[in-house]
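# Residue-level structure breakdown
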Number of protein chains: 4
Amino acid sequence: MTKVLEQLAEEYDNKTPQEIIEYAFKNYKNIAISFSGAEDVVLIDMAKRIRKSFAVFILDTGRLHSETYQFVDRVREFYGIDVNVYSPDTGELEKFVREKGFFSFYKDGHTGCCNVRKVEPLRRALAGLDAWITGQRRDQSPNTRAFVPVVQIDPTFGNGKLIKFNPLSKWTSAQVWQYIRVNNVPYNRLHERGFVSIGCEPCTRAVLPGQHEREGRWWWEDAMKKECGLHAGNVKG
Amino acid sequence: MTKVLEQLAEEYDNKTPQEIIEYAFKNYKNIAISFSGAEDVVLIDMAKRIRKSFAVFILDTGRLHSETYQFVDRVREFYGIDVNVYSPDTGELEKFVREKGFFSFYKDGHTGCCNVRKVEPLRRALAGLDAWITGQRRDQSPNTRAFVPVVQIDPTFGNGKLIKFNPLSKWTSAQVWQYIRVNNVPYNRLHERGFVSIGCEPCTRAVLPGQHEREGRWWWEDAMKKECGLHAGNVKG
Amino acid sequence: MTKVLEQLAEEYDNKTPQEIIEYAFKNYKNIAISFSGAEDVVLIDMAKRIRKSFAVFILDTGRLHSETYQFVDRVREFYGIDVNVYSPDTGELEKFVREKGFFSFYKDGHTGCCNVRKVEPLRRALAGLDAWITGQRRDQSPNTRAFVPVVQIDPTFGNGKLIKFNPLSKWTSAQVWQYIRVNNVPYNRLHERGFVSIGCEPCTRAVLPGQHEREGRWWWEDAMKKECGLHAGNVKG
Amino acid sequence: MTKVLEQLAEEYDNKTPQEIIEYAFKNYKNIAISFSGAEDVVLIDMAKRIRKSFAVFILDTGRLHSETYQFVDRVREFYGIDVNVYSPDTGELEKFVREKGFFSFYKDGHTGCCNVRKVEPLRRALAGLDAWITGQRRDQSPNTRAFVPVVQIDPTFGNGKLIKFNPLSKWTSAQVWQYIRVNNVPYNRLHERGFVSIGCEPCTRAVLPGQHEREGRWWWEDAMKKECGLHAGNVKG
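Residues numbered from 1 in each chain as written. Chains lettered and ligands numbered in written order. Predicted model: local features only at pLDDT ≥ 70, side-chain atom pairs only at ≥ 80, totals over all residues. Heavy atoms only, no water.

## Description of the overall build of chain A
Secondary structure assignment for chain A yields eight helices and six strands. The secondary structure elements of chain A, listed N-terminal to C-terminal, are α-α-β-α-β-α-β-α-α-α-β-β-β-α. Compactness check: chain A gives a C-alpha radius of gyration of 17 Å against a globular reference of 18 Å for 237 residues, within 12% of the reference. Here the C-alpha coordinates of chain A stretch approximately 45 × 40 × 35 Å along the principal axes. Across the 237 residues in chain A, those meeting the buried criterion constitute 59%. Counting contacts in chain A only where the partners sit at least 6 residues apart, residues at least 24 apart contribute 69% of the total. Across chain A, the centroid of the 34 positively charged side chains sits 0 Å from that of the 30 negatively charged ones. (Helix = DSSP H or I, 4+ residues; strand = E, 2+ residues; numbered from the N terminus. Rg over C-alpha atoms; globule rule 2.2 N^0.38 Å. Buried < 20%, exposed > 50% of the residue type's maximum accessible area, 1.4 Å probe, protein only. Contact = heavy atoms within 4.5 Å. Lys, Arg positive; Asp, Glu negative; His and termini not counted. Charge placed at Lys NZ, Arg CZ, Asp CG, Glu CD.)

## Overview of the interface of chain B and chain A
Tallying the contact residues gives 28 residues for chain B and 28 residues for chain A. Among the salt bridges present, the one from R124 of chain B reaches E94 of chain A, with a minimum N-O distance of 2.8 Å. Run the count over chain B and chain A and you get 14 residue pairs in polar contact (both at pLDDT 80 or more). Elements with a minimum of two residues in the side of chain B that touches chain A: helix 4 (66-79), strand 3 (84-86) and helix 5 (90-100) of chain B. In terms of residue class, the side of chain B that touches chain A is made up of 10 nonpolar, seven polar and 11 charged. (Salt bridge = Lys/Arg side-chain N within 4 Å of Asp/Glu carboxyl O. Polar contact = N/O pair within 3.5 Å; in protein donor to acceptor, adjacent residues only side chain to side chain. Nonpolar A, V, L, I, M, F, W, Y, C, P; charged D, E, K, R; others polar.)

## What to know about the relation of the copies chain C and chain B
Mapping chain C onto chain B leaves a residual RMSD of 0.0 Å; the transformation is a rotation of 180° accompanied by 0.0 Å of translation along its axis. In the structure described here, the two chain copies are related by an operation that fits a two-fold rotation axis. Residue G194 of chain C of chain C places its C-alpha closer to the rotation axis than any other residue of that unit, at 1.7 Å. Here 100% of the contact residues of chain C are again contact residues in chain B; the copies associate through an equivalent surface. (Least-squares fit on C-alpha atoms with pLDDT ≥ 70 in both.)

## Some details on the relation of the copies chain B and chain A
A rotation about some axis, followed by a shift along it, carries one copy of the chain onto the other. Overlaying chain B on chain A yields an RMSD of 0.0 Å, the required transformation being a rotation through 180° with an accompanying axial translation of 0.0 Å. Taken as a fraction of all interface residues of chain B, those also at the interface in chain A reach 100%, which identifies the copy contact as same-surface.

## Regarding the packing of aromatic side chains
With the rule as written, the count across this model stands at 68 aromatic pairs over all chains. Their ring planes at 55° and their centres at 5.0 Å tell us that Y12 of chain D and Y23 of chain D sit as a pair that is tilted. Pair noted here: Y12 of chain D is in helix 1 (residues 2-12) and Y23 of chain D is in helix 2 (residues 17-27), with a separation of 11 residues, a long-range link. Y12 of chain D gets classed as buried once you look at its relative accessible area, which sits at 14%. Through successive ring pairs, a cluster of aromatic residues spans F103, F105, Y106, W219 and W220 of chain A. Here the basic side chain of R217 of chain A rests over the ring of W218 of chain A, its NZ or CZ set 4.6 Å away from the ring centre. (Phe/Tyr/Trp six-rings, centres within 6.5 Å; stacked < 30°, edge-to-face > 60°. Lys NZ or Arg CZ within 6 Å of the ring centre and 35° of its normal.)

## Looking at the arrangement of the chains
Separated without contact, chain A and chain C have their nearest C-alpha atoms at a distance of 18 Å. Spatially, chain B is disjoint from chain D: no contact exists, and the shortest C-alpha separation is 18 Å.

In structure tokens form, the structure reads like this:
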């Protein structure tokens, strides 16, 4: 299957995000858009112009900004769509926090916390899907995302049977924001306070003018390894 | 047992909070302090002067202020104690949020959300305990808390077999804050921004000078019914 | 004149603030209300129910909170009144700031800065007046305001010829806030963020629950001396 | 003189900002750097590496952010320099605010307020100078600043006898911020909250990711005319 996907990736490399989403919807029935509560809302806006109804899920880590919770509900109402919310496993979460507290990531690194709050729920979100659509872009990270193709076999989840579409892969942040402005797409109010990339509250911060958006995430760690486990397969060995 | 408890409540009605905690620790082995992340931290401060080690639990609804999460970790370190964290049941939470979204309480009232995020986890926290200690005070609510005794059979949980101590029952807010200042007890930084009572982020707000603290909770609802279910037994029929 | 005033103060000691304002308006033509941008807005609300038109002034130190500037304009529109604004003398201000910078008060004490930004403009505001009305209250300060009479010869300004009315002298903060709520008086939004007393931005802060409002002013200085020079005459030798 | 200046502008068009500042200091004795409290702090950093002592002035409109006042004092201490502060004329300011209130610019446009709070003080700041140095850049405004030369006869002030150096004219925002990061230059904390361009508090706001910095200034007005009068001569007829 890998070869077919590589051919498809090459063929769709210069297609618009909308064409990629259209292809994805047409060829995969059990497919869902992964929404982070940030500027990947454009995927939902594009999808809504193609189809009336489609699956969207979000991972509620229990540590999102209140502005992000507000934004998710606004997106729900604005587009008239359901959003499947996945939460951490009660037992794993309680065990983790009792041992580590609420801010262990500043000392131990974010992997342990992301595993409990993001990766495990994502695993459940992806179970039963044939394909998913993400908002990943190459310009988001010079190291971990520079080679993200528009479509690929998921390198991390699904045992080689899950297809992952990244329709915005080749768009820049500037293009995404132009789309948001031109189309009056609703956006997370944190973007009005210097936030570019948005994740969990304690692990996201505003960036300075001209600073790369990824510097607003897990800023206390080595810039090379800033993936939360969801897209860990991006990192080349 | 009710009668014995009523006699005890009468006998201890004029005792200090410290004496009540001391009695509770002496007579109940399976006992824990319920900590909300607000000014009930004084219970922990008092307990620490009586015993080196004791059980404390907190309900992490997944919607607390980031300042509250920071405060819980600070309390943990400051007093060198473990804090057992109870989180909502994954399945119930996911089902609730998918159907209702993240802010249904503003329309439906807070009961449904509190049931999932607070009452169910509390039930698990109390299972196996003979007694618990809360920071409830009579002056917190003219309606729902005016008759809170210093000790009682829990009117809501434990099927008549769980003892509930409310050592601060007869203290005023002013007394609690005097204790905090005099003893240099750490406090939640939200108290520096006009917050008196502190609960979940979307359901708590700062109050005006001279305004009753309970007006900062579920302010869109009838002032008469402001209990989250944890202490529902307080409300007289 | 002192004796007459003392008799008047005694006679009006138990009158309502409204009666005191009414007396002041009736007996003094060149009279103005001094408005600080805080809860002394009740003076304006009371005056408006007595007279259609009256003089109000405010001292714009150049360092007020943006919320205070917004509030002053809102009061202007809400009551349909003019507000005379007095600003620091350009030359004195420039000289002071060039030498001392913008935050010298944290090191030197607030007197020097208050002299330039408040006292000198107040002197101009009071020139030509026979009487002024302030929002001072006894409960604002256990030391400097405990003896504020409802009317007095101004002990600081006017060379013994200026009358000073303090209609709220005997009201508590609780009474002022009850008046604001009952009468839907507009208030400074800072009061929603823990601020009770409000002055200049760098010299005012929110207070903790139960903390005296004066602890939110010049908190780095001795609690005994917290007057800005406007009401310095209150301080007994 | 114009011709000489045009030749000089051409000659220095490809010089570094540092070379331009060095030239300016060498050839003009009565010269000062105009500092706005924003990223033009790089001018001060560059100047300090050239000379131990030089003149800097700032216009304190009385409506700057508290973060800007803090930043000015920090710059003063960090570089060990004096900063001459120019404030609005008392009489003009009082007259303007009594008539118009504190927020007339949202209705009338910003020109009237800028005239009182910025242009008049600037006129005094420039009196007696032969030359001044500003942080203007071409990329700050596609309309009003696209032709800013590195040196020019001031087109607005000084009656054709004042020289204006714009050493950063050809630098981009990205270059300025790289300089700040590489050289650990102190910066205004507002830049950590989405602010790029910084002026008066009511007339400045944070911008969205990818949004032009000038959209954060006087955003309620026509994008074409966003100059405060200080650099009005930039606008071509």
